[in-house]
Every structure is written in structure tokens, then in C-alpha cells.
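Listed here are the chains, written in short residue letters.
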Amino acid sequence: MPNYDVHLLSGIVTYPLAIFIAFMLRDHAGVPFVLSTTAMVIGYALYVLGSDLPDMDHPNALIHRGTKPIVSVAVGSAVFIQSFGSINIGEPWLNVTAAWGFGALAALMAWFAFTWVMPKHRGIVHSLLFAAVYGLLGYALVEFGLGLGRGEALFAGFAAFSGYTLHLILDREVSLL
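Residues numbered from 1 in each chain as written. Predicted model: local features only at pLDDT ≥ 70, side-chain atom pairs only at ≥ 80, totals over all residues. Heavy atoms only, no water.

Caption draft 1: Inspection of helix α6 (residues 150–171) at higher detail. In this model α6 runs 32 Å from its N-terminal to its C-terminal C-alpha over 22 residues, within 8% of the 32 Å that 1.5 Å per residue would give. For α6, the tally of buried residues reaches 17 of 22 residues, placing the bulk of the element in the interior. Positive phi shows up at arginine 172, right after α6, with a value of about 55°. (Helix = DSSP H or I, 4+ residues; strand = E, 2+ residues; numbered from the N terminus. Expected span 1.5 Å × (residues − 1). Buried < 20%, exposed > 50% of the residue type's maximum accessible area, 1.4 Å probe, protein only.)

Caption draft 2: Inspection of helix α2 (residues 37–50) at higher detail. Along its 14 residues, α2 runs 20 Å from first to last C-alpha, staying within 8% of the 20 Å computed at 1.5 Å per residue. Here the buried face of α2 lies against α1 (4–29), α5 (128–145) and α6. (Contact = heavy atoms within 4.5 Å.)

Caption draft 3: The arrangement of the packing of helix α3 (residues 62–84) against helix α4 (residues 92–117) in detail. Where α3 meets α4, the axes come as close as 7 Å, and the angle between the chain directions of the two elements is 145°. For the pair α3 and α4, the crossing hand works out as right-handed. Partitioned by chemical class, the residues of the contact of α3 with α4 number 15 nonpolar, 8 polar and 1 charged. (Axes fitted to C-alpha atoms, helices over the stretch in contact; angles between N-to-C directions. Left-handed = near helix turned anticlockwise from the far one by under 90°. Nonpolar A, V, L, I, M, F, W, Y, C, P; charged D, E, K, R; others polar.)

Caption draft 4: Spatial organisation of the packing of aromatic side chains. The final tally for this structure, using the stated rule, is 9 aromatic pairs. Arranged with centres 5.4 Å apart and planes meeting at 40°, the rings of phenylalanine 80 and phenylalanine 84 form a pair that is tilted. Linking phenylalanine 80 with phenylalanine 84, this pair stays in helix α3, spanning 4 residues, or about one helical turn. The class of phenylalanine 80 is buried, set by a relative accessible area of 14%. Considering the side-chain rings of tyrosine 139 and phenylalanine 144, the 6.2 Å spacing of their centres and the 80° angle between planes classify their relative orientation as edge-to-face. Assessed through its relative accessible area of 60%, phenylalanine 144 is described here as exposed. An aromatic cluster of at least three residues, connected via ring pairs, comprises Tyr15, Tyr44 and Tyr47. (Phe/Tyr/Trp six-rings, centres within 6.5 Å; stacked < 30°, edge-to-face > 60°.)

Caption draft 5: Layout of a nonpolar patch on the surface. Together, Leu105, Leu108, Met109, Trp111 and Phe112 give the surface a local cluster of nonpolar side chains, amounting to about 540 Å² of exposed area. Following the sequence through the fold, leucine 108 ends up in helix α4. (Patch = residues over 30% accessible without salt bridge, like charges linked within 9 Å, V, L, I, M, F, W, Y side chains within 5 Å. Areas by Shrake-Rupley, 256 points an atom, 1.4 Å probe, with all protein chains shown as cover. Salt bridge = Lys/Arg side-chain N within 4 Å of Asp/Glu carboxyl O.)

Caption draft 6: Structural context of the packing of α2 against α6. The contact between α2 and α6 brings their axes to 7 Å, and the two run at 25°. Classified by the angle between their axes, α2 and α6 sit roughly parallel to one another. For the pair α2 and α6, the sense of crossing is right-handed. The segment α2 lies against α6, with Ala39, Met40, Gly43, Leu46, Tyr47 and Gly50 engaging Glu152, Phe155, Ala156, Ala159, Ala160, Ser162, Gly163, Tyr164, Leu166 and His167. Here the contact of α2 with α6 is composed, by residue class, of 10 nonpolar, 5 polar and 1 charged. (Parallel < 35°, antiparallel > 145°, perpendicular 65-115°, else oblique.)

Caption draft 7: Quick look at the pattern of salt bridges. Applying the stated criterion across every chain, the model contains 2 salt bridges. Arginine 26 is the partner of aspartate 27 in a salt bridge, and the nearest nitrogen-oxygen pair spans 2.8 Å. Ionic pairing is found between arginine 150 and glutamate 143, a salt bridge with its closest N-O pair at 3.3 Å. Given a relative accessible area of 52%, arginine 150 falls into the exposed group.

What follows is the structure, encoded as C-alpha cells:
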């Protein structure tokens, strides 16, 4: 099975093929992709990340060890943002500190929950279902998170899905679930 370097380098060098396919889908099948420079750069990042992301279910994989703190920080930050305005225990510095305390507690719980909820290696995370989930997350990030247009978001979702699928093809384990 390919290792970390093979997966990521494959993602880095095959992205032009994904661009070609996207143009063909746009020009000949009517898929409303908008291949702006911004969308293609974001798509490149999502594609290359996706080319190793299925291995996040392996606790010793570099992508697992890298994803785990990102998820923890994202959860902790989200809890801080949600709790910040609703805490009023005194001085502003105390309110902010308490909100970050809740955020840090949530981040700590997310740290341990990440590995606990992760299925066995080469399980459901190594599937086209999860490739589609990653594609939908890429779409949502671009349209709703970054505020770009729907066509750019569609392309970013396609790039994310394609990079994730590349990993499955390289592993020779393409399954629906």
C-alpha cells in the first residue's frame, strides 16, 4: 500500500488532470463549475489534503496526528464563540477567560473523542461515502464559509471529492461504504 509521501505527491502531481476533467465537465456536460483562480487554489489544497485524508482513521498516521489537534482547536474555538456572549460573571477579562476555559474543556474532550469515534483502519472512512462527505464539506467551506459563488464552491467540492477518491484508487480499495 502507498505511504504518506506517495499519497500526497500523487495529489500534488495529478491535480492538472482534475482541472482538465473539470473543464471537460463544464464545457461538454454543462456542469456549472466556475474555475476562478481562487477556486482552483482552494481546490488544489482540498485535493492534496484529500489525497491522504482517508488515512485519518489510522492512529499512527501523520494525517491522524495532524487532524486531531485541528479538530480539537476548531471545537474549542466554536465553543468559545458560542459561550463568549452568554457568560457574565464579572469583569470582561473574567468573562473572556471563562469562555476560553469552556472552549479548552471542549477541545480536550474533542481530543480524546476523535480517536474514540474513529472507525477501524480501512473501514467506512475508506469509502466513496466519505469522499462525498468531504466534497460536501469543501463545497460548504467555499460557499458559506468563504462566501464565494456557487460555481466556485461546486468546483471546490469536486476537487475535494476527487483528491479523496485518488487515495482510494491508489489503495486499490474503492468501496461505496
